[in-house]
Amino acid sequence: MQKSVLVIGSLNLDLVVHAERIPLAGETVRGSGYDSLLGGKGANQAVAAAKLGAQVRMAGRVGSDSYGAALLEGLDEVEVDVAGVQVTEGPSGLAVITHSSDGQNAIVVQSGANGLVTAADVSALEFANAGVVLLQLEIPMDAVVAAAQASHKAGAVVILDPAPVAALPEELLRAVTWLTPNETEAAQLVAGSMEPRQTAERLLAMGCRNVALKLGERGAFLMGADCEPTPVPALPVKAVDTTAAGDCFNGAFATRLLAGDSPEVAARYANAAAAISVTRLGAQVSMPSRNEVEGLLGRSPQIPLV
Ligand code: RIB
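Residues numbered from 1 in each chain as written. Predicted model: local features only at pLDDT ≥ 70, side-chain atom pairs only at ≥ 80, totals over all residues. Heavy atoms only, no water.

**Notes on the layout of surface pockets**
Item 1. If you add up the space inside the largest pocket, you get close to 1,300 Å³.
Item 2. Around the largest pocket sit 47 residues that line it, and N105, N182, T242, A245 and G246 are the ones nearest its centre.
Item 3. Sorting the residues of the lining of the largest pocket by element identifies strand 2 (12–19), helix 1 (41–51), strand 6 (93–100), strand 7 (105–110), helix 6 (183–189), helix 8 (245–258) and helix 9 (263–277) as the ones contributing at least two each.
Item 4. Counting residues per element, the lining of the largest pocket draws most heavily on strand 7, at five residues.
Item 5. Looking at the lining of the largest pocket, its residues break down into 23 nonpolar, 14 polar and ten charged.
Item 6. Estimates place the volume of the second largest pocket at around 200 Å³. (1 Å grid on protein atoms, 1.4 Å probe; cavity = no way out; pocket = protein on both sides within 12 Å on 5 of 7 lines; lining within 4 Å. Points joined across faces, edges and corners; volume = space filled by probe spheres on them. Helix = DSSP H or I, 4+ residues; strand = E, 2+ residues; numbered from the N terminus. Nonpolar A, V, L, I, M, F, W, Y, C, P; charged D, E, K, R; others polar.)

**What about the site of the ligand?**
Item 1. Within the structure, the ligand sits among 13 residues, and D14, G40, K41, E138 and D247 are positioned closest to it.
Item 2. Between the ligand and N12, the relevant distance is 3.0 Å, taken from an oxygen atom to a side-chain nitrogen or oxygen of the residue.
Item 3. At 2.5 Å, a side-chain N or O of D14 approaches an oxygen atom of the ligand.
Item 4. At the level of elements, strand 2, helix 1 and strand 7 are the ones that each hand at least two residues to the shell around the ligand. (Near = heavy atom within 4 Å. Polar contact = N/O pair within 3.5 Å; in protein donor to acceptor, adjacent residues only side chain to side chain.)

**Quick look at the state of the cysteines**
Item 1. Considering all chains together, one arrives at zero disulfides under this definition.
Item 2. C227 takes part in no disulfide bond, and the closest cysteine sulfur to it belongs to C208, at a distance of 13 Å.
Item 3. Taking relative accessible area as the criterion, C227 reaches 11% and is therefore assigned buried. (Disulfide = S-S within 2.5 Å. Buried < 20%, exposed > 50% of the residue type's maximum accessible area, 1.4 Å probe, protein only.)

**Description of the environment of R174**
Item 1. Relative to the elements of secondary structure, R174 occurs in the loop between helix 5 (170–173) and strand 10 (178–179).
Item 2. On the basis of relative accessible area, R174 is assigned to the exposed category, the value being 52%.
Item 3. Taking the C-alpha atoms as reference, R174 lies 5.4 Å from C208; in sequence the two are 34 residues apart.
Item 4. The residues touching R174, leaving out its near neighbours within four places in the chain, are H152 and G207.
Item 5. Within the local environment of R174, its side chain forms a polar contact with the side chain of E170, the two groups lying 2.9 Å apart. (Contact = heavy atoms within 4.5 Å.)

Dropping the structure here:
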């Protein structure tokens, strides 16, 4: 039986407003245009993995509005199996994103249907062929905990993106194979900003098995039971929009772990995928193909592809 990547998480319509810079609290700035794009951390990770060659299943909820239909269609187009996504009466998840000219973003997420995902939804899922399970925190915490525990019990690798950041229950951390915060999230989780190794040590002491810190322009840092402390350098690119770069990393990391790569090789591949994604505007639409990632990596023999 071919193992798949199972994503249990959010699907959002992203309303992206472009502006010179992100406004300060209480400030109004002029926009220069806007786009409606497909997003949501869960769906973004699903698209990233599918475009890189993994067999992907998505579970979650969309609303009964036109956004919900568009989100399902978008996943269908890249051959993500959406049988696990329920259509719920009411609005879909919505993210309002300010995208600044230097490529940064600020996001407010309105849960919509994502907020109605339950632990019972999770227990109805089939985990037997899930090799890697991707989780984030845009669905209710009890559903995330149920998903992590069921996945762990089924022997899957569990990758948790702690975003939007929240306190992580011990029973969740115990079921997580890889915790993948970005710098901001990591600093909030360990209550302070420190060097990557020290941050990783603190996160590991909280109970998860491994940590992959996503450090943006500085690449990534891996450490844990399955990996020696390993800095993974970033690839230099000009960032147009960093939205969903972390989702791209997680989708790619999952794809390569599923294919049998070591964590270090998988992270180098994921770094390259994320580097390509930031050169483009938007979330799902910015996810690269295998050929693009392979091209950037220069067909290195050290990085076998699926
Ligand atoms: O990680 C980027 C995503 O965060 C966006 O697509 C938005 O929907 C929010 O979920």
